[in-house]
Amino acid sequence: MTADLTAGIAELGRRLRAGDVTAVELADAALGRVEQVDGELHAFLARTPELARESAAAADAAIRAGNADALAGVPMAVKDVLCLEGVETTAGSKILKGFVPPYTATTVARALAAGAVPVGKTNCDEFAMGSSNENSAYGPVRNPWDLGRVPGGSSGGSAAAVAAGAVAWAFGTDTGGSIRQPAALCGIVGLKPTYGRTSRYGLIAFASSLDHVGCFTRTVADSATVLQAIAGHDPMDSTSSRHPVDDYAAALGGGVKGLRLGVPREYFVEGMEAGVSDAVRAAIAALEKEGAEIVDVSLPRTDYGVAIYYIIAPAEASSNLARMDGVRFGHSAPDAKTVIDQYMRARAEGFGPEVRRRIMIGTYALSSGYYDAYYVKAQKARTLVRQDFDAAFEKVDALVCATSPTVAFELGAKTQDPIAMYLNDVLTIPADLAGVPAISIPCGFSEGLPVGLQVIGPAFREDVVFRVAATYEGITDWSSRVPPLAEAVA
Amino acid sequence: MSAVATGVEAVIGLEVHAELLTQSKMFCACSASYLAGEPNSHTCPVCLGLPGALPVMNRRAIELTIKTALALNCEIAEFSKFDRKNYFYPDLPKGYQISQYDLPISHDGHLDVRTGDHHRRVGITRVHLEEDTGKLTHAGAIHTSQSSLVDLNRAGVPLIEIVSEPDMRSAEEAREYMQRLRQILVWIGVSDGRMEEGSLRCDANVSVRAPGSTELGTKVEVKNMNSFRAVYLALQHEIERQAAALEAGEEIVQETRGWNEAKGVTISQRRKEYADDYRYFPEPDLPPLHLDRALVDRIRAELPELPATRADRLERDLGVSADQADLLTDTVELADYFEAVVATGVPAAEAANWVLGEVSRVLNTGVLVSALTVRPEALGGLVARKLDGTINNNQAKELFAELAGGDTVVATAAAIDEAIQSRGLRQVSDTAELERLVDEAIAAQAKAWEDFRGGNERASGALVGYVMKQTKGQASGPAVTEILRRRAQAG
Amino acid sequence: MKLTAEEVRKVAHLARLGLPDEDLEALSTELTRILDYVDKVGELDTEAIPPTAQVGDVVEAFREDEVGASIGTDAAIANAPASERPYIRVAAMQE
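About the criteria used
- Residues numbered from 1 in each chain as written.
- Chains lettered and ligands numbered in written order.
- Predicted model: local features only at pLDDT ≥ 70, side-chain atom pairs only at ≥ 80, totals over all residues.
- Heavy atoms only, no water.
- Pairing = 2+ DSSP bridges.
- Helix = DSSP H or I, 4+ residues; strand = E, 2+ residues; numbered from the N terminus.
- Disulfide = S-S within 2.5 Å.
- Phe/Tyr/Trp six-rings, centres within 6.5 Å; stacked < 30°, edge-to-face > 60°.
- Lys NZ or Arg CZ within 6 Å of the ring centre and 35° of its normal.
- Contact = heavy atoms within 4.5 Å.
- Buried area = accessible area lost by both parts, 1.4 Å probe.
- Salt bridge = Lys/Arg side-chain N within 4 Å of Asp/Glu carboxyl O.
- Nonpolar A, V, L, I, M, F, W, Y, C, P; charged D, E, K, R; others polar.
- Core = buried A, V, L, I, M, F, W, Y, C linked by side-chain atoms within 4.5 Å.
- Buried < 20%, exposed > 50% of the residue type's maximum accessible area, 1.4 Å probe, protein only.
- Domains from an automatic or database assignment.

A. Quick peek at the sheet that holds strand E9 (residues 135–138) of chain B. Pairing is antiparallel across the open sheet formed by four strands, whose spatial order is E9(B)-E10(B)-E3(C)-E2(C). Edge positions in the open sheet fall to E9 of chain B together with strand E2 (83–84) of chain C, since each of these has one partner strand only. One ladder, built from four bridges, connects E9(B) with strand E10 (residues 147–151) of chain B; its direction is antiparallel. Bridge assignment links B:Lys135 to a residue of E10(B), and that residue is B:Asp151.

B. Here's a closer look at the state of the cysteines. This model, assessed by the stated rule, comprises zero disulfides over all chains. You can see B:Cys30 has no disulfide; the closest cysteine sulfur is in B:Cys44, sitting 3.7 Å from it.

C. Quick look at the packing of aromatic side chains. Within this structure, the stated rule accounts for 22 aromatic pairs over all chains. Geometrically, the ring pair formed by B:Tyr101 and B:Tyr280 is stacked, given 3.9 Å between the ring centres and 10° between the ring planes. Here B:Tyr101, found in the loop between strand E6 (96–99) and strand E7 (106–115), pairs with B:Tyr280, found in the loop between strand E15 (265–268) and strand E16 (281–282); they are 179 residues apart in sequence, far enough to count as distant. What links up through ring pairs into an aromatic cluster is the set B:Tyr87, B:Tyr101, B:Tyr278 and B:Tyr280. The side chain of B:Arg175 reaches across the aromatic face of B:Tyr232, ending 4.5 Å from its centre. In this structure, C:Lys40 packs its charged tip against the face of A:Tyr304, placed 5.7 Å from the ring centre.

D. Spatial organisation of the interface of chain B and chain A. Tallying the contact residues gives 31 residues for chain B and 35 residues for chain A. Between chain B and chain A, roughly 2,700 Å² of surface is buried when both sides are summed, and carbon and sulfur atoms account for 60% of that area. Area buried by chain B at its contact with chain A is led by B:Pro51, B:Leu54 and B:Phe88, which between them contribute 23% of it. Our count for the contact surface shared by chain B and chain A stands at one salt bridge. In this structure, B:Asp285 and A:Arg200 form a salt bridge, with 2.8 Å as the shortest nitrogen-oxygen distance. The element best represented in the side of chain B that touches chain A is helix H2 (residues 45–48) of chain B, accounting for three residues. Looking at side-chain class alone, the side of chain B that touches chain A contains 22 nonpolar, four polar and five charged residues.

E. Examining unusual backbone geometry more closely. Cis peptide bonds are those with omega within 30 degrees of zero, and the linkage from A:Gly153 to A:Ser154 qualifies with 10°. Checked against the element boundaries, A:Ser154 lands in the loop between strand E3 (117–122) and helix H5 (156–163). Positive phi values are uncommon outside glycine, yet B:Asn40 reaches one of about 65°. Among the structural elements, B:Asn40 can be located in the loop between strand E1 (9–19) and H2.

F. Just the nonpolar core, in detail. Counting 279 residues, the largest nonpolar core has A:Phe127, A:Trp169, B:Leu14 and B:Tyr177 as the members making the most contacts within it. With ten residues, the single largest contributor to this core is helix H10 (residues 305–320) of chain A. Formed jointly, this core draws a minimum of three residues from each of two domains, domain 1 (9–296) and domain 2 (305–422) of chain B. Filtering out sequence-adjacent residues up to four positions away, A:Phe127 remains in contact with A:Ala91, A:Ser93, A:Ile95, A:Leu96, A:Ile204, A:Phe206, A:Leu321, A:Met324, A:Phe351 and A:Val355. Counting residues in each nonpolar core, the second largest holds 36 residues, with B:Leu334, B:Val341, B:Ala351 and B:Leu382 among its members.

G. Examining the interface of chain A and chain C more closely. Chain A puts 64 residues into the contact, and the matching count from chain C is 52 residues. Between chain A and chain C lies a buried interface of about 5,200 Å² when both sides are counted; carbon and sulfur atoms form 68% of it. Taken together, chain A and chain C are joined by three salt bridges. In this structure, A:Arg357 engages C:Glu30 in a salt bridge whose closest nitrogen and oxygen atoms are separated by 2.7 Å. Secondary-structure elements contributing two or more residues to the side of chain A that touches chain C are H10, helix H11 (339–350), helix H12 (353–366), helix H13 (372–395), helix H14 (418–422) and helix H15 (429–434) of chain A. At ten residues, the largest contribution of residues to the side of chain A that touches chain C is made by H13(A).

H. View of the environment of A:Val455. Summarising the element assignment, A:Val455 is placed in strand E11 (residues 449–456). Distance in space between the C-alpha atoms of A:Val455 and A:Val400 is 4.7 Å, their sequence separation being 55 residues.

I. Structural detail: the environment of A:Ala57. Along the chain, the position of A:Ala57 falls in helix H3 (residues 49–65). Remark: the alpha-carbon pair of A:Ala57 and A:Ala307, spanning 250 residues in sequence, is separated by 49 Å.

J. Up close: the pattern of salt bridges. Residues and elements named next belong to chain B. Enumeration according to the criterion identifies 74 salt bridges over all chains in this entry. With its nearest N and O atoms 2.9 Å apart, the salt bridge here joins glutamate 9 to arginine 209. Of this pair, glutamate 9 sits in strand E1 while arginine 209 sits in strand E12 (residues 200–209), and the two are 200 residues apart along the sequence. What makes arginine 209 buried here is its relative accessible area of 13%. A salt bridge links glutamate 457 to arginine 485, with the nearest nitrogen and oxygen atoms 3.5 Å apart. Of this pair, glutamate 457 sits in the loop between helix H15 (446–453) and helix H16 (460–470) while arginine 485 sits in helix H17 (residues 477–490), and the two are 28 residues apart along the sequence. A relative accessible area of 46% means that glutamate 457 is categorised as partly exposed. Its relative accessible area of 37% is what places arginine 485 among the partly exposed residues. Where salt bridges share partners, they join Glu305, Arg310, Arg313, Asp336 and Glu339 into one cluster.

Now the structure itself:
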């Protein structure tokens with residue numbers, strides 16, 4: 001169907017330019033689709049029909065005039081941790097209920113400037129803290145492949161929206177794996193660029209040195225298209241890189257002949273499902289058949305990643321979330337008699353249990369007497385993790401491995417055990433600690449649920465990551481698979 | 001009050017905050033002129049601390065900090081960074097202040113302070129850069145008000161913090177330090193130094209000990225001193241309070257005390273439950289500062305001659321007294337004015353008297369040096385005409401006062417001559433004329449003449465006054481006095 | 001290493017989280033478990049290893065001292081739960 005959003009950006013763009021469909025029609029289709037499926041998925045916290053139709057109309061004009069960008073007219077969604085001016089932005093939390101930002105995040109603004117059509121704000125774990133989207137204060141998101149299971153987190157809403165064909169692509173953010181892991185669990189492509197490649201201005205901060213803005217798409221080429229539009233230096237973000245933005249599309253077709261692909265032996269972790277390791281090994285074998293040299297490498301500190309992360313991220317978060325005090329915005333305790341009472345109640349009421357846990361851990365790790373043993377120690381350990389990657393990239397061009405140790409688990413299966421939940425990110429956290437680019441692409445199924453293959457490259461070498469991922473995608477048909485939910489489309 | 005009077009030696013360190021004279025705030029482009037415009041009008045997502053906003057460093061603020069540090073003889077760090085100081089307060093939007101903790105921009109400087117004949121080199125531990133908070137106003141007093149009102153115009157304005165070593169030994173020294181520090185900050189253009197308005201703030205750490213002891217007593221923090229006078233009075237009071245306490249066998253409690261101007265005492269401030277742990281950690285949103293030596297050298301080269309150096313030069317090269325040099329270098333504008341007058345050829349001593357006398361009189365009415373209508377070249381011309389006898393001293397003073405009070409700028413010696421001409425001013429110095437007038441004076445003021453002849457110098461006043469009256473003030477006072485003396489001598 | 005209920009209360013106070021007393025014990029257990037897990041980093045030899053504060057490649061990021069547009073008082077106070085234009089209102093400072 002011409003308005004089938006699972007076709008992805010490139011194909012929809014072709015149809016738009018050919019006049020087979022209009023952007024307004026696509027916008028209506030997307031809004032209709034959301035109406036159809038979101039009752040079950042709960043991927044969206046807010047819909048933006050007026051904004052969608054306005055952007056679509058403008059995109060149609062640009063397309064007719066022949067000067068439209070690649071993203072023009074294609075419906076997308078924005079994870080609710082990214083500010084969109086004039087639209088309630090909650091970060092999945094009660095403490096930001098009613099917060100309407102007076103400005104738009106830079107990455108979102110760039111996408112909108114390129115003609116992207118925003119359909120709504122997607123559900124996510126509260127303040128991006130979670131691996132299953134069960135920490136949203138507004139209720140969990142369900143996996144389109146199996147409504148009894150989680151879509152992954154924290155960008156569960158964006159992943160589900162793309163997997164279900166409600167939008168062609170969506171913004172996500174990745175701090176410990178929050179794009180790649182949901183992409184794997186939902187059978188779509190999820191990209192986390194190099195740290196600083198995309199601006200964090202307008203991203204409600206969770207962990208400043210670990211947060212990345214990226215995207216969910218149907219294909220690798222689409223993720224290259226999105227990155228092309230949103231990447232690049234932003235004067236409003238002092239950590240954003242001035243490294244020149246490559247022509248990512250040009251990187252897609254290189255093939256893997258002659259490339260050395262490292263398989264980190266520590267990434268076949270204890271507790272990894274057999275179905276997952278089988279699918280990943282098969283994918284690696286396929287790449288070898290395509291001419292890649294497969295090299296066994298070691299990233300010795302892999303096992304410490306989760307521990308390092310769960311010191312640094314909560315520490316930075318405890319400080320970043322201090323501004324949520326009910327004074328200038330957000331949930332307050334209106335009948336509080338004193339300021340301290342106001343803070344105590346607004347924050348205890350407004351933050352959910354996982355967020356409160358992490359704020360406490362983080363506050364503790366930074367506090368006098370513990371700072372050196374926790375925060376500084378973790379930062380030193382982080383250096384070792386970076387050194388592991390540096391050493392590996394001396395030997396190989398990219399790393400290939402699994403994204404998640406398991407396929408999508410059932411709702412409620414891990415909510416009682418924070419550490420079990422944290423361990424979902426054991427394979428994704430290291431790339432966040434090192435700030436290197438990584439992508440997750442579908443590589444098969446296990447028990448009917450998607451499995452993701454992860455490709456990790458050196459800093460600012462998204463080109464290599466795309467090249468490997470596109471090659472694998474090209475020799476399989478995983479990216480054309482859609483959940484039954486998405487097949488029932490007009 | 002000396003150690004002898006109180007029986008103790010005071011040990012004082014000062015922590016001074018000064019708002020930098022930048023156009024925009026420290027981490028965003030909002031205007032730093034927070035007093036202009038209505039409350040909360042100079043704000044944006046960054047200084048409001050809205051979710052998702054990020055800081056970007058103001059280059060000029062860094063440069064002004066380095067400039068200040070160099071003027072205070074500090075070492076400039078090669079590597080510096082910002083840190084987050086975490087605490088909750090309604091005037092602190094982010095719930096943390098971006099400040100500097102262990103790697104400040106500069107350290108280990110000094111400022112020389114003189115009280116009477118006593119010189120003290122006060123060490124400066126560090127000068128660092130941070131952002132200011134917003135303002136809270138309360139309906140009524142802070143401890144009885146039902147609510148507070150928050151204005152974030154000031155939030156994010158760049159602030160330098162100058163921490164001294166505990167080298168001061170008296171309230172007087174502390175006041176002098178504040179005055180010298182302020183002078184330098186204004187002189188080099190980094191701050192407007194207004195204590196009453198809050199662009200310059202001072203907190204003190206005060207302890208006492210037995211004279212000659214090297215151990216430090218318990219220190220007390222003193223806040224809320226809003227003027228130089230308050231600094232002096234508050235510290236003097238606190239020293240006495242601590243001395244009296246020790247005398248009575250009481251222990252000094254480590255605490256914060258606020259100066260209450262009305263009551264003339266320091267009052268203990270409530271101690272918070274669980275003293276705040278600021279949990280400093282490096283600011284992840286800002287790259288560290290690599291302060292290369294070329295930058296530091298450039299800023300050093302741009303530093304003007306500092307007040308103390310200039311005063312020394314005026315004393316050495318122009319022969320003015322140390323006190324005069326000190327007064328003449330109160331501001332750079334005044335020093336420039338003075339030297340410009342000297343450049344017209346007027347002797348330095350004469351120029352100094354005029355600048356510290358007539359000119360200062362006008363300045364004290366609130367006129368800025370730059371707004372003086374009589375420019376240095378004109379003043380030079382005026383003084384020259386007095387010295388060459390064209391007009392007398394009184395006439396010169398009156399003319400200056402008249403021109404300085406007018407709206408027209410008088411910039412040249414020629415303009416002065418024109419003014420003298422148009423007013424028909426001249427000095428009567430014709431000897432014959434004066435001799436005749438002195439005859440009249442002696443006849444009219446017989447008693448005064450008798451007294452003067454008898455050796456009473458002051459009696460000349462009435463006689464000179466008579467001549468002045470007759471000449472409508474145009475006689476040369478010194479010439480008349482000379483004639484009187486000659487005649488007195490002659491008998 | 002266990003985080004006592006009293007330490008939890010202190011940390012909660014630092015973080016301005018008004019947690020009810022009855023939650024402190026459970027929270028103390030939960031947090032201790034997490035801290036016990038992250039203690040793992042202590043196993044790594046980090047002698048002579050510098051801490052990584054940032055992973056970006058930015059060397060210098062400054063703004064020139066120019067005034068740009070502010071969002072204005074109305075926008076500034078628009079999200080405030082309590083305001084008295086042009087101010088944001090907040091409860092009393094002291095008990």
